[in-house]
Every structure is written in structure tokens, then in C-alpha cells.
Amino acid sequence: MRLNCSNAVLVAATTLSCLARAQFPNATPRDLKLTTISSPVDPKIKISYKVPHGACNTAFESQTQYTGWVTIPGDFPTNTFFWFVGARDQEANSSLSIWLNGGPGSSSMFGFFAENGPCEVVDSGVDKFTTIAREWGWDRASNMLFIDQPNQVGFSYDVPTNGSIDLLTNKVYIPPAARPNSLPPDAYLNGTFSSMNISNTANTTETAAVAIWHMLQGFLSAFPELNPPKNNILGVNLFSESYGGKYGPAFATKWKEMNAVRRGNGTIMSNGTSVEIRLASLGIVNGCVDDLIQAPYYPVMAVDNPYGIKAINSVRARMANASFYNIGGCRDLINQCRAAVAGRDQNNTGSVPDVNSICESAYNSCADNVMLPYSDAGRSLYDISALLPDSFPPRRYLEYVNTAAFQTAIGTRLNYTETNSQVAAAFASTGDYEREAMVPKLASLLNSGVRVGLIYGDRDYICNWLGGEAISLALARSVAKYSATFPAAGYAPIIVNDTYIGGVVRQFGNLSFSRIYQAGHFVPAYQPATAFQVFARIIRGNSVSTGETIDLSSYNTSGPVNATSTLDVPASPEPTCWLRDVPGSCTEEQQSAIVNGDGFVVNGALQIGPTVTPSPSEPATMVTTATTTVQLTGLFTATATPSSAASPRRGTGVELRLAVGGGAALAMLVLS
């Protein structure tokens, strides 16, 4: 996400597993069985990859998978990790969808294992894990490419470096340091990381965009069959979450610019010197796009949200609102930042110290005075219905990805870190949060025929749906064809299946804004079926409301002009303390239990008491086990409107777990 503090990061844990304690591994590509080739378009770009056998059980064994790294030249070593998963059926194989988590500094493996990837991690015994196919994985509708970026995020690295990590604070020490006497052995581990050198990564969205363009040149030139053919409506799609509200528009614009440059030079696809990236759609999931537009909605969301939660008192909310508009307040400081960038750092390199200082001050003021008064509420930034600590989604995947078997399977030399604090600090130091208006970039993309889908869970605070709606209207005002037609389009129900409505959508042509009911910041984790249907409909150019084939030149939704539905507040669950996410998921009492040795950890979750209890999302009682046919492919097209809306809770009362199969999946019907 966007804040560098323990209770306000996309995923707090940067962890190792005690199951992967081969300290300081020094494996070579040969040891890891990686195949290394040079890019056909640029021999200086190297691609090292393998098939990750057993790392992720997909719906069908025939689905192609590659994990690997693209090494690109530059001022510092850059090895960008990717995980490619082929689609579940032939029709979906004609598209490529790229997924980016946010941060800045957060790994897309969070999305892969906790949100929309092809598989999820489940317990298979005490301190044992396996993966099962995710019913609503986005590989159901498209080839998927998950990328860890910028450099040093997740499994991406500059130089493999030995170090130590304190799991209670998530602080990484380079070089390794002795374990403090106050910490038990399982809470302080040695391992191999990226260098944590703040100079060896991007420090602005613009510089990150350049790196990913080069990375994709390497990947798509090495696997040309994965680049969708020209004039294919499915094409390449970019979906990004959270800070991806900035990544998405900036990265897509960079691809458009580089395509134009190469096309102007006559080099695209003619003499093999570059690969054209033909973007068909851009999706932003609970994105923080522009504080100049979205920041005023923080105090509004805190006191006037669809769930009737008064997170802070009205006086505090009015003060936060005033701090945005006051002379010298958040709005003025953002404008000063952008004027400084335009005048002295036009290429947004983050290399001009006084410009960085102005922009960093703007962000700090907006965060402290407009956004963070909400922290008084003791509620999650990512789900206003959840009291702190908020341990959803479950974090067991953090244990799994640090097992030796998994690391060998994907070919990594590093222990896994979910969020890199140095990358977050690099972006904060330049004030990247406030440097650039992204709506003009979105407008240019929309004008060029790119489908733009804005998807917002309505329980999120940090990048809330009210601000997202404001972005959609600002974007429409920036494009002549949409300025009157998009606001005039009414909100229609998002019909997910025959039994429920997952939210509402306003759509005209290629632009849509979706409010997803009962979803927090990580929409695919909260409402997987709804998120999948919206994703699939956007990339296919269908009606987001029904899934029907439409004429995008004239289609508009019909319904109320405002999305005013109020919903019941779900009960806040009891927190689960995950050892790999102590700052984000553990109470003070639980943290003390770890330090004092008063509990024990089973499958990554702290247990206090004499007996082991099931960890969240695992069956407490098995009702029946049977082999059944579960449809793991295909989309839904509505023929009628159901009366029920999405469930108010994180999960349904009955949960269906899927094991890998060839269309007929092994299903366990369990009570949750």
C-alpha cells in the first residue's frame, strides 16, 4: 500500500520460515536448474527460468507455468522475478493479464497466494502445507503474469546478501547480527535477502515504469507466443492494486510512449529490436490514484460510509477536512510539489533533492492531517468493519513460500520478504505519492481505445470507493466523449450468478467504475467470485453488469445516479496471530506471549493454551468428503436480476475447497 508504518502497510510481514533454515544459501543457476537465455531483442537482457514443478497446483495439470528472473542492465543489478501461469482453456489463452500489487515495496506474491492467483495454500498436517486450485483464480479467464517490482521486492533482487530478520518488528539487518537475548530463536532468523541498499531500486513510479518496460521486453521476446496477436480484442491487460493506482496509469503510458517511439523508428516487429506491448485494458483495484482528488474523501469515509460506522467524531472529521483546503494545507502543498516537478524534474527521476523535499513534505502533511486521524478509531485501514489487529487474509502462505521445497521448485536463492521497507523509504524520500497527476494519463489511454475499469471494495478506508468514484468522474470530465455520457449513466447491479448481486457499476463504453459490496482493500480476497467476473468482463469488453456482449461505442448502464445502498456491518473476527506478520496481526498480549515463550506456533499461527485449535479458513468440522464435478472454467452471463446482495461476511457458512484435477475436482464440503 502506501504508508511506511507497522499498522499501515499493504502486508506487514517480511519473513522467513523456520522450515527453511539452510542459512545463507549460495545456490548457482545450475544448482537451481534454471535455464538462462539472452533476449532476442537485446542480448544484454538475460532471462533465467524454469518450470516450478509442485509449487502451485492449478485447476488442470496441462496449464503452463514458468518462474524466473529477467536481468536488465543499468546503474545497479536488477533481477525482476516473474511467475507465469497459462489459462485454463484455449479461448482464454489468447490474452495476457499482468498483475501488480502495490506498496510501494509489496510483492505480487501476495496477490498470487491470497487474492487472485491460480492456487492457494492450505494445511496438510502439523506444519505441513500444500496448494489447491483456486476456484475463482483469474487464470480462469486469461494467461496471468505476476511480477515482483520494483527491484528488491519479494523474490526480485539486486545482489543476494546474508542478513538477519527480527520477526517482531520485520526489520532486516545487513550484515547478519547476533540474536538479542530478549527474543526466542524462532523470532530471529538468518537468511539471504536482497542488499537492502536504498540506492539499488526505483525511487519514483516513473523510474519503475522504465524498468518494467525493459523487463517485459525481455520476457515477451523470450516467450513471443505469450504476446497476444495484433488486433486481438483480449490483448495485454494490466491490473494493479493499491499503489497500483499510480503504477497502472504510469506503466501503461510508458508502454504507449515506447510503442510510438519504436513505431516511428520503424523498429517494432520489423527488424526484431523491440516488442510492441498492445494494451487492451487497464484495471485498478482500490487504487490510490491522486490525493488531490481522493484525499478529501478520507474524513467523509470515516464518518459517512455505507455501513453506518462513525470511526471518528465529527469535530475530528471537520478538522481533517479543513486541513486539506486550508492555505498551506494538503492541497496547496501538492500543487507546490507538482509545480516543482514540472519546473525542475520534468522526467520525474527523483534526482533533484529540493524537489524531493517539497514533495515529501506534501505527502507527510496530507497523511498526518487528512488521512491518519482515522487511526484513532482502532480499526483496520483496509476494512473499516475490522478492529485491529486485522489478520485477514490468512498469512499461512508466508510459511509455505519459505520452505526449502518451495524455494527449490521456483529456483530462488533468496528467502521471501513480502514488503521491502527500503523500497518504501526510497519512494517516500522523493514524495512520489504526490508528484504527478495520473488522471491525464488515464484520459490519454481512454482516448486511445484502452478499456479502463476502476474496481473498489466499499469497506476499504485507505483507498476508499468514494475517492475512487471521484477519480472516475474526473477522468470522464477529461475526455470529451465521456464528459456528459459517463456521469449520466446510472448504476446497474453487478450480477455475479443466479443468486446474488456483488455490487453496482456505472459504465459507458470503455470506462467503468464498480463499487464492490462487502469487500475491503483486497477485493479478490473478500469477494472472489465478484472480482473475477468484473475482471473477466473488463478484459473481454463485455457489460460489467451482466457479462453480455455489447457495442462499446454506445453502451451505457441504466439505474440510479448514485450508489447509495447501505449494508449491514459484519462482526469483527477474533485476530489470528501469524508469526510471519506479528506487527500486523498480533495483539500486544500475543506479542508478549511470543517473547516470553508462553505459546507455540502451529502452521504459522500462534496458539496459547494446552490444545491446538484449527487455524482460520481450515475446517473445524468435516461434514463430508466426496468427488464432485466443479466447473473450473467459463464465465457467467446474466439473464435475470437476483434479489440478494453479497454476503456481509468474509466467507460463507459453507466452504468448498478444491484439489487439483482434470475438470472433476476433489471437493471437501466443510463448515467455516
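Residues numbered from 1 in each chain as written. Predicted model: local features only at pLDDT ≥ 70, side-chain atom pairs only at ≥ 80, totals over all residues. Heavy atoms only, no water.

Attention shifts here to the overall build of the chain. Within the chain one finds 18 helices and 22 strands. Counting all 672 residues of the chain, 61% fall into the buried class. Long-range contacts, defined as pairs at least 24 residues apart, comprise 74% of the intrachain contacts of the chain with a sequence gap of at least 6. Split by element, the accessible area of the chain, about 23800 Å² in all, is 53% carbon and sulfur. (Helix = DSSP H or I, 4+ residues; strand = E, 2+ residues; numbered from the N terminus. Buried < 20%, exposed > 50% of the residue type's maximum accessible area, 1.4 Å probe, protein only. Contact = heavy atoms within 4.5 Å. Areas by Shrake-Rupley, 256 points an atom, 1.4 Å probe, with all protein chains shown as cover.)

With that out of the way, let us pick up the sheet that holds strand S11 (residues 188–193). Pairing is antiparallel in the open sheet, where three strands are placed in the order S10-S9-S11. Edge strands, defined here as strands with exactly one partner in the open sheet, are strand S10 (171–173) and S11. Adjacent strand axes in the sheet meet at a mean angle of 35 degrees when their direction is disregarded. Relative to S10, strand S9 (residues 161–166) is paired through three bridges, and the arrangement is antiparallel. Looking at S10, one finds that Ser164 is bridged to Tyr173. (Pairing = 2+ DSSP bridges. Axes fitted to C-alpha atoms, helices over the stretch in contact; angles between N-to-C directions.)

Turning our eyes to something else, we now look at the sheet that holds strand S17 (residues 511–516). Read across the sheet, twelve strands follow the order S1-S2-S3-S4-S8-S5-S12-S13-S14-S17-S16-S15 without closing on themselves; strand pairing throughout is mixed. Each edge of the sheet is formed by a strand with only one pairing partner; in this case those strands are strand S1 (35–38) and strand S15 (492–495). Going across the sheet, the axis of each strand differs from the next one's by a mean of 25 degrees, ignoring polarity. Alignment of strand S2 (residues 46–50) against strand S3 (residues 65–72), held across five bridges, turns out to be antiparallel.

The full count for this structure, using the stated rule, is five disulfides. Across the disulfide, Cys288 is cross-linked to Cys463 (sulfur-sulfur distance 2.0 Å). Between Cys288 and Cys463, the disulfide has an S-S torsion of -100 degrees and is therefore left-handed. Of this pair, Cys288 sits in the loop between strand S13 (279–285) and helix H4 (291–294) while Cys463 sits in the loop between strand S14 (451–457) and helix H13 (465–477), and the two are 175 residues apart along the sequence. Of the two residues, Cys288 and Cys463, neither departs from the other in class, the shared state being buried. Between the sulfur atoms of Cys337 and its disulfide mate Cys359 the distance is 2.1 Å. Around the S-S axis, the bridge from Cys337 to Cys359 shows a dihedral of about 95 degrees and counts as right-handed. A residue pair is termed long-range when its members are at least 10 positions apart, and Cys337 in helix H7 (residues 330–344) and Cys359 in helix H8 (residues 353–371) qualify at 22 residues. As far as the burial class goes, Cys337 and Cys359 line up, both buried. (Disulfide = S-S within 2.5 Å.)

Turning our eyes to something else, we now look at the pairing of S14. Of all seven residues in S14, seven are buried; the element is thus mostly enclosed. On S14, burial covers both faces: Arg451, Gly453, Ile455 and Gly457 on one face and Val452, Leu454 and Tyr456 on the other are all buried. Relative to S14, S13 runs parallel, the two being bridged by five bridges. When the bridges of S14 are listed, Leu282 appears paired with Val452. Where S14 and S17 come together, six bridges link them in parallel fashion.

It is worth spelling out the packing of H7 against H8 at this point. H8 packs onto H7 with a crossing angle of 160 degrees between their chain directions and a minimal axis gap of 9 Å. As judged from the angle between their axes, H7 and H8 are roughly antiparallel. When the axes of H7 and H8 are compared, the crossing they make is left-handed. The segment H7 lies against H8, with Cys330, Leu333, Ile334, Gln336, Cys337, Ala340, Val341 and Arg344 engaging Asp354, Val355, Ile358, Cys359, Ser361, Ala362, Ser365, Cys366 and Val370. Here the residues of the contact of H7 with H8 sort into twelve nonpolar, three polar and two charged. (Parallel < 35°, antiparallel > 145°, perpendicular 65-115°, else oblique. Left-handed = near helix turned anticlockwise from the far one by under 90°. Nonpolar A, V, L, I, M, F, W, Y, C, P; charged D, E, K, R; others polar.)

As for its position among the elements, Tyr456 is in strand S14. On the basis of relative accessible area, Tyr456 is assigned to the buried category, the value being 0%. The spacing of Tyr456 and Val523 is 67 residues in sequence and 7.3 Å in space, taken between C-alpha atoms.

With that out of the way, let us pick up the packing of aromatic side chains. All told, the structure shown has 42 aromatic pairs when counted by the stated rule. Aromatic side chains Trp136 and Phe532 sit 5.6 Å apart centroid to centroid with 40 degrees between the ring planes, which places their arrangement in the tilted category. Highlighted residues: Trp136 in the loop between strand S7 (128–133) and strand S8 (143–147) and Phe532 in helix H16 (residues 528–540), separated in sequence by 396 residues. The ring of Phe532 is capped by Arg140, whose NZ or CZ atom sits 5.7 Å from the centre of that ring. In this arrangement the basic side chain of Arg506 is found over the ring face of Phe486, its NZ or CZ atom lying 5.7 Å from the centre. (Phe/Tyr/Trp six-rings, centres within 6.5 Å; stacked < 30°, edge-to-face > 60°. Lys NZ or Arg CZ within 6 Å of the ring centre and 35° of its normal.)

Bringing the pattern of salt bridges into the picture now. When the charged atoms of two side chains with opposite charge come close together, those side chains can pair. If you walk through the whole model with that rule in mind, you get 14 salt bridges. For Asp290, the salt bridge goes to Arg338, with nearest N and O atoms at 2.7 Å. With a gap of 48 residues between them, Asp290 in the loop between S13 and H4 and Arg338 in helix H7 connect regions that are remote in the sequence. The closest approach of N and O atoms between Arg435 and Asp345, which form a salt bridge, is 2.5 Å. With a gap of 90 residues between them, Arg435 in the loop between helix H11 (421–430) and helix H12 (439–447) and Asp345 in the loop between H7 and H8 connect regions that are remote in the sequence. For Arg435, a relative accessible area of 3% corresponds to the buried category. (Salt bridge = Lys/Arg side-chain N within 4 Å of Asp/Glu carboxyl O.)

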